[in-house]
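Take a look at the letters that make up each chain.
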2 protein chains.
Amino acid sequence: MDNITQIAFNARQAANVLQTITTAQKSIFLNHIHSKLASAKSDILAANKVDKDLALKQVEAGKLSSSLYKRLDLEGPGKFETMLQGIKDIDQLDDPAGKVQQATKLDNGLELYRVSCPVGVLLVIFEARPEVVVNIAALAIKSGNAAILKGGKESFHTCSAISKAIREAMDDAGAAAAKNAEGEDADALNLTDAVQIVESRQDIDGLLKQDKYIDMVIPRGSNALVKHIQWNTRIPVLGHADGLCSIYVAESAKLDLAKKVVVDAKTTYPAACNSTETLLVHSSHLDPDLFQQLARTLVVDHGVTLKCDPKSLANLQQESVAVLFQDKADHLQASNDEDYDTEFLELTLAVKTVESMTEAMDHINEHGSKHTDAILTESEAEAKKFMAGVDAAGVYWNASTRFADGFRYGFGAEVGVSTNKTHARGPVGLEGLVIYKYQLHGNGHASGDYGAGEGKRPYLHERIKVQDKESLGELSNKRQRLD
Amino acid sequence: MDNITQIAFNARQAANVLQTITTAQKSIFLNHIHSKLASAKSDILAANKVDKDLALKQVEAGKLSSSLYKRLDLEGPGKFETMLQGIKDIDQLDDPAGKVQQATKLDNGLELYRVSCPVGVLLVIFEARPEVVVNIAALAIKSGNAAILKGGKESFHTCSAISKAIREAMDDAGAAAAKNAEGEDADALNLTDAVQIVESRQDIDGLLKQDKYIDMVIPRGSNALVKHIQWNTRIPVLGHADGLCSIYVAESAKLDLAKKVVVDAKTTYPAACNSTETLLVHSSHLDPDLFQQLARTLVVDHGVTLKCDPKSLANLQQESVAVLFQDKADHLQASNDEDYDTEFLELTLAVKTVESMTEAMDHINEHGSKHTDAILTESEAEAKKFMAGVDAAGVYWNASTRFADGFRYGFGAEVGVSTNKTHARGPVGLEGLVIYKYQLHGNGHASGDYGAGEGKRPYLHERIKVQDKESLGELSNKRQRLD
């Protein structure tokens, strides 16, 4: 077995164990990781210093951005502690595995349960942010998945130090976790390889071929990275690409609301994937002046550059209006076709006039990235049509696209934002890391006894009532009490 | 736009409309398809005759199996009517789209709903069984998806005739469906391209590149086909490959139960993907004689050939036992390593002796295809461990693997059985053809107002109670009544 296959195989072995452990056992592993990282703090920060020193030289040589350098740094005030607190937070979340999603009585004594379970082995590729190792490791363990991680190369030394501590913690915790569920004599659980890191792009290329052992690839990064991976593996990919979000200002939209939402969506964090890149304005707003006031606020108060279609540009550049923009006339520019397919990730907004909501929806469905799109309207009927007809992970009514985020949605933690259309869509929390299996409980039942014809039995297909987020244990205790 | 891109683009346009239509409108389309197919029966059977005549020559030349020829035939007694009835059955199923899966109050007036919605455009590749066109078309429309279909080439004329009728029906129904929801003056809905068929393997290769327009590929067929597709597209693939199912006869298993379940699982339809291919027997059953009796029933009463590991083979071939097998001693053979990775799809069963459940689970996790695996045991604790520790879409306790089927599970219809580990697993019904979007309903809410710090608001993250399978309309009516 070559080295890469061994990594994948070991991850699968760990996944086989992880899928069987209890919530209490997961807690034991997470708490050991927390303690071990706390006591390894100085080692980890020393490794971080090595990465930072190397990165600083790159920054000075103009080969690396200072924002990347900043993200590398684990020494900033409270940063290490926040990273540790994240483990505790994830430990407190509801265990996503073992929940009964569906239950059906097929016949007397023959019951079918659809129960959530881990996906298995995850391969996660992410940027040079060392705390992500800890975050993803905790999410993986909490959901019962093994993980193979590859961080940005600038964070290599830090990630290695963190990973070493996690590995030691998983090793140490194996005995305590086994005792917790199986009693004093239990053999220690071997989960040492539950979280592994790999170093190079070449390792990734090898791992993408390990479809026998790896169940899902989660690339966080550029569209180019995601596409490269999708073309080079048969393992399902949960794509976390960038976002091209739009806001449509409908005919009945009010100025104050439009100002508040659009300013928030464009200016609070322009580099985020949930920031708005395209503004679609119903032509009725060109006269009277909602559009002009909105544009003025964006340009003058917030320094946004508008790339406008001919109609909206002419509207803003007419003599009586141009004066509103004071010395920022250069922030009003003509758009070209490409601008409507561009994620600016800065204070630039493409603007297009539309004659109807249908035109707005068609534009979004053709040019958007199916991330998050909003309509501003006073009409509920119109909002409903927009939310049904726009094909995106998030469809918003009178709210900023910036709400598209796992923490804001209340998931407690997120793996990223998926622009996939299968498995998991939008902000992905722990629920995106589980799938389900069907458990069938019988008593010697044979399929040949059922169906049409002489002596055959019909299926009952009676739905068994399940409480929201009920575990199979809870459900079966309740059913025994009822019997 | 080349021809293939045009097909994909047209499908996307249809999907944009389909995602907005009501359950009643879907019914109108399905009923039109039903009527149109009924009235086109003679044309369709004439086309079927052409396919059959061509196929018969192939069968005579030994180039095609007679079972394939039989599956082509639409003229058999009741076959056409069963196909038509399938449309009515699917029409009666619960609409999988528009259901609220999760609802959260983020703040006053800011509510987040996770609502099921169609995946979008499906590319479905299937065997030469013409009634599958009708079945998949009905499933696609009911779930709100557009579909591009490619059947086995032997069924081409029949599929074309069916597809022509479906196209005409979708065209005819557009006006009636629009009126149903929007009133007399509504423009007809254009869903003519909701279901398209393509002819050649080359078309498929082209369509696999249309990731801008196609959202999911569903290949039904051989492992080789599924793998070829997975390696040649970045579109998510819902793999419907074959199954290597196992049954583990645990220490406490009873003979009668084991006979009943194993005979059913191996002999009722050996070519099915849910038939059992490997029998794992706890070594305690070699003496006394559960294993010998079970083997005798399989071999003598049902003509099964057993490919045995050395220990089990020696057990059956000892003098006092061999006599049980009468003239079928040749049905007892030594296995080789490959047999445990082989889907025989005929009356052949690989047999392996194991010393423990752990060994059985390890064998299944390494050699199985994650389709369906069963344990036969009187011990609930052991069954639970098996069902947690075996990584398969179906994990059964004292029941035949042949139950793994959408109709038997009560789904009413199935697209196939997925051996994927993401999106949808096991038998896939209408629910596997939907995903979700997040609807956020606000009133001018901006993300910048929330968080920690001076003047910022916390998120409420209050769960809104949702009934099982409740639509957003029902939920919002109820909430208005409560207000």
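Residues numbered from 1 in each chain as written. Chains lettered and ligands numbered in written order. Predicted model: local features only at pLDDT ≥ 70, side-chain atom pairs only at ≥ 80, totals over all residues. Heavy atoms only, no water.

A.B. asks: Can you walk me through the overall build of chain A in this structure?
C.D. replies: Scanning chain A from N- to C-terminus turns up 17 helices and 17 strands. Overall, chain A is about 85 × 70 × 40 Å in size when its C-alpha atoms are taken along their principal axes. Evaluated residue by residue, chain A yields a buried proportion of 59% over its 483 residues. The long-range fraction of contacts in chain A, counting pairs at least 24 apart against all pairs at least 6 apart in sequence, stands at 74%. Surface summary for chain A: the accessible area is close to 19,000 Å², and the carbon and sulfur share equals 48%. Charge centroids of chain A, computed over 53 positive and 67 negative side chains, lie 3 Å from each other. (Helix = DSSP H or I, 4+ residues; strand = E, 2+ residues; numbered from the N terminus. Buried < 20%, exposed > 50% of the residue type's maximum accessible area, 1.4 Å probe, protein only. Contact = heavy atoms within 4.5 Å. Areas by Shrake-Rupley, 256 points an atom, 1.4 Å probe, with all protein chains shown as cover. Lys, Arg positive; Asp, Glu negative; His and termini not counted. Charge placed at Lys NZ, Arg CZ, Asp CG, Glu CD.)

A.B. asks: I would appreciate a short explanation of the pattern of salt bridges in the present structure.
C.D. replies: Oppositely charged side chains can pair when the atoms bearing their charge come close. Under the definition given, this model contains 70 salt bridges over all chains. Within this structure, R12 and D215 of chain A together with K370, D391, K421 and R425 of chain B form a network of salt bridges that share partners. (Salt bridge = Lys/Arg side-chain N within 4 Å of Asp/Glu carboxyl O.)

A.B. asks: Please clarify how the nonpolar core should be interpreted in this entry.
C.D. replies: Inside soluble globular proteins, nonpolar side chains tend to come together where they are buried. If you look at the biggest cluster of nonpolar residues, it comprises 246 residues, and the most contacted ones within it are L306 of chain A together with L306 of chain B. Not counting residues up to four positions away in its chain, the partners in contact with L306 of chain B are A295, L298, V299, L316, H331, L332, Q333, L349 and V351 of chain B. (Core = buried A, V, L, I, M, F, W, Y, C linked by side-chain atoms within 4.5 Å.)

A.B. asks: For this particular structure, what's the right way to read the interface of chain A and chain B?
C.D. replies: Quoted interface sizes are often the accessible area lost when the parts come together. Contacts between the two partners involve 87 residues from chain A and, on the opposite side, 87 residues from chain B. For the pairing of chain A and chain B, the buried interface totals around 7,200 Å² over both sides, and the portion due to carbon and sulfur atoms is 50%. One can count 14 salt bridges joining chain A with chain B. One salt bridge in this structure joins D391 of chain A and R12 of chain B, with 3.3 Å as the shortest N-O distance. (Buried area = accessible area lost by both parts, 1.4 Å probe.)

A.B. asks: Please explain the relation of the copies chain A and chain B as it appears in this structure.
C.D. replies: Superposing the two chain copies requires a rotation about an axis and a translation along that axis. Once chain A has been moved 0.0 Å along the axis and rotated by 180°, it coincides with chain B to within an RMSD of 0.0 Å. Here the two chains are linked by the operation of a two-fold rotation axis. Closest approach to the rotation axis among the C-alpha atoms of chain A is made by H423 of chain A, whose C-alpha sits 1.9 Å away. When you check the interface residues of chain A against chain B, 100% turn up at the interface there too, and the contact is symmetric in its surfaces. (Least-squares fit on C-alpha atoms with pLDDT ≥ 70 in both.)

A.B. asks: What exactly am I supposed to notice about helix α12 (residues 310–317) of chain A here?
C.D. replies: It helps to recall that an α-helix has 3.6 residues per turn; residues three or four apart then point in one direction. Residue and element names in this part refer to chain A. By the burial criterion, the buried members of α12 are S312, L313, N315 and L316. Looking down the long axis of α12, one finds its buried residues gathered within 160° of arc, a one-sided arrangement. Of the surrounding secondary structure, the elements contacted by the buried residues of α12 are α11 (290–302), β9 (305–308), α13 (319–322), β10 (332–334) and β11 (348–354). (Arc of directions from axis to C-beta.)

A.B. asks: Would you mind showing me how to read empty space enclosed by the protein here?
C.D. replies: Here the idea is plain: a probe the size of a water molecule rolls over the atoms and shows the empty space left. Using the criterion set out here, one finds seven cavities of 30 Å³ or more in the structure. Its boundaries defined by the atoms lining it, the largest cavity holds a volume of some 280 Å³. For the largest cavity, the lining is made up of 22 residues, of which P236 and V237 of chain A together with I235, P236 and V237 of chain B are closest to its centre. In terms of residue class, the lining of the largest cavity is made up of ten nonpolar, ten polar and two charged. (1 Å grid on protein atoms, 1.4 Å probe; cavity = no way out; pocket = protein on both sides within 12 Å on 5 of 7 lines; lining within 4 Å. Points joined across faces, edges and corners; volume = space filled by probe spheres on them. Nonpolar A, V, L, I, M, F, W, Y, C, P; charged D, E, K, R; others polar.)

A.B. asks: Where do I start with unusual backbone geometry in this structure?
C.D. replies: Negative phi values dominate among residues other than glycine, just as trans dominates among peptide bonds. Residue P288 of chain A is bonded to the preceding D287 of chain A through a cis peptide linkage, with omega at 5°. Along the chain, the position of P288 of chain A falls in the loop between β8 (276–282) and α11. Despite not being glycine, L345 of chain B shows a phi value in the positive range, around 55°. Within the secondary structure layout, L345 of chain B lies in the loop between β10 (332–334) and β11 (348–354). Judged by relative accessible area, which is 33%, L345 of chain B ranks as partly exposed.

A.B. asks: Explain the sheet that holds strand β12 (residues 372–376) of chain A here, please?
C.D. replies: Consider a sheet: its strands pair through backbone hydrogen bonds, and that pairing is either parallel or antiparallel. Strand order in this open sheet of eleven strands is β10(A)-β9(A)-β11(A)-β8(A)-β7(A)-β12(A)-β13(A)-β16(B)-β2(B)-β1(B)-β17(B), and the pairing throughout is mixed. The strands lining the two open edges of the sheet, one partner per strand, are β10 of chain A together with β17 (462–463) of chain B. (Pairing = 2+ DSSP bridges.)

A.B. asks: Any chance you could explain the packing of aromatic side chains here in plain terms?
C.D. replies: Overall, the coordinates contain 16 aromatic pairs over all chains when judged by the stated rule. For the pair F403 of chain A and Y459 of chain B, a centre-to-centre distance of 6.4 Å together with 85° between the ring planes defines the contact as edge-to-face. Pair noted here: F403 of chain A is in the loop between β13 (394–399) and α16 (406–409) and Y459 of chain B is in the loop between β16 (434–445) and β17, and the two residues belong to different chains. A residue is classified by how much of its surface remains accessible, and F403 of chain A, at 0% relative accessible area, is buried. Both rings, one in Y450 of chain A and one in F403 of chain B, keep their centres 5.8 Å apart while their planes meet at 70°; by these two values the pair is edge-to-face. (Phe/Tyr/Trp six-rings, centres within 6.5 Å; stacked < 30°, edge-to-face > 60°.)

A.B. asks: What exactly am I supposed to notice about α11 of chain A here?
C.D. replies: Residues and elements named next belong to chain A. For α11, which comprises 13 residues, the first-to-last C-alpha distance of 17 Å matches the rise-based estimate of 18 Å (1.5 Å per residue) to within 8%. Of all the positions in α11, only L290, F291, Q292, L294, A295, T297, L298, V299 and V300 are classed as buried. At the C-terminal side of α11, G303 shows a positive phi close to 70°. (Expected span 1.5 Å × (residues − 1).)

A.B. asks: When you look at the packing of helix α2 (residues 23–39) of chain B against helix α7 (residues 156–182) of chain B in this model, what are you seeing that I'm missing?
C.D. replies: All names here are of chain B. Across the interface, α2 lies against α7 with an axial gap of 8 Å and an inter-helix angle of 145°. In the crossing of α2 with α7, the sense of the turn from one axis to the other is right-handed. Classifying every residue of the contact of α2 with α7 gives 15 nonpolar, four polar and three charged. (Axes fitted to C-alpha atoms, helices over the stretch in contact; angles between N-to-C directions. Left-handed = near helix turned anticlockwise from the far one by under 90°.)

A.B. asks: Please clarify how the environment of P310 of chain A should be interpreted in this entry.
C.D. replies: Position of P310 of chain A relative to the elements: it lies in helix α12. Separated by 43 residues in sequence, P310 of chain A and T353 of chain A have C-alpha atoms that sit 8.7 Å apart.

A.B. asks: Can you help me understand the side chain of S116 of chain A in this one?
C.D. replies: Residue and element names in this part refer to chain A. Its location among the elements puts S116 in strand β2 (residues 110–118). Overall, the relative accessible area of 4% leaves S116 in the buried class. Reaching out from S116, the side chain makes a polar contact with the backbone oxygen of P96 at a distance of 2.7 Å. If we ignore the near neighbours within four places in the chain, the residues touching S116 are P96, A97, G98, K99, Q101, V434, I435 and Y436. (Polar contact = N/O pair within 3.5 Å; in protein donor to acceptor, adjacent residues only side chain to side chain.)

A.B. asks: Could you clarify how one ought to interpret the pairing of strand β3 (residues 121–125) of chain B in this entry?
C.D. replies: Looking along a regular strand, one sees side chains alternate from face to face of the sheet. All names here are of chain B. Counting buried positions over the five residues of β3 gives five, a clear majority of the element. Residue alternation in β3 divides its side chains into two sets, V121, L123 and I125 and L122 and V124, and both sets are buried. Relative to strand β4 (residues 146–150), β3 runs parallel, the two sharing five bridges. Residue pairing across strands places V121 opposite A146, the latter belonging to β4. Crossover connection from β3 via helix α6 (residues 131–143) to parallel β4: handedness right-handed. (Right-handed = clockwise from strand over helix to strand, strands pointing away.)

A.B. asks: It is not clear to me how the pairing of β8 of chain A should be interpreted in this structure. Could you clarify?
C.D. replies: All names here are of chain A. Of all seven residues that make up β8, seven are buried, and the element is covered over most of its length. Of the pairings in the sheet, the one linking strand β7 (residues 245–249) to β8 comprises five bridges and is parallel in character. Bridge pairing in β8 links C245 to T276. Once the chain exits β7 it traverses helix α10 (residues 255–267) before rejoining the sheet at β8, and the crossover so formed is right-handed. Examined bridge by bridge, β8 and β11 share five bridges and lie parallel to one another. Along β11, the bridge assignment pairs L280 with K352.

A.B. asks: Quick question: what am I supposed to make of the packing of helix α5 (residues 79–92) of chain A against helix α6 (residues 131–143) of chain A here?
C.D. replies: A packed helix pair is summarised by two numbers, namely the angle formed by the two axes and the spacing between the axes. All names here are of chain A. The contact between α5 and α6 brings their axes to 9 Å, and the two run at 10°. With respect to their mutual orientation, α5 and α6 come out roughly parallel. Contacts from K79, M83, I87, I90 and D91 of α5 reach α6 at E131, V134, N135, A138, L139 and K142. A per-class count over the contact of α5 with α6 returns six nonpolar, one polar and four charged. (Parallel < 35°, antiparallel > 145°, perpendicular 65-115°, else oblique.)

A.B. asks: Is there a simple way to explain the environment of H331 of chain A in this structure?
C.D. replies: Residue and element names in this part refer to chain A. Within the secondary structure, H331 is located in the loop between α13 and β10. Note on H331: relative accessible area 16%, which makes it buried. For the pair H331 and L84, spaced 247 residues apart in sequence, the C-alpha separation works out to 44 Å. Beyond its immediate sequence surroundings of up to four residues, H331 is in contact with V299, G303, V304, T305 and L306. A polar contact of 3.1 Å, which involves the side chain of H331, links it to the side chain of D330.

A.B. asks: For this particular structure, what's the right way to read the state of the cysteines?
C.D. replies: Among covalent bonds in proteins, the disulfide is the one between the sulfur atoms of two cysteines. Counted according to the given criterion, the structure contains zero disulfides over all chains. No disulfide involves C308 of chain A; its sulfur sits 19 Å from the nearest other cysteine sulfur, which is in C245 of chain A. (Disulfide = S-S within 2.5 Å.)

A.B. asks: Explain the environment of V17 of chain A here, please?
C.D. replies: Turning to its location among the elements, V17 of chain A is positioned in helix α1 (residues 3–18). For the pair V17 of chain A and T305 of chain A, spaced 288 residues apart in sequence, the C-alpha to C-alpha distance is 54 Å.

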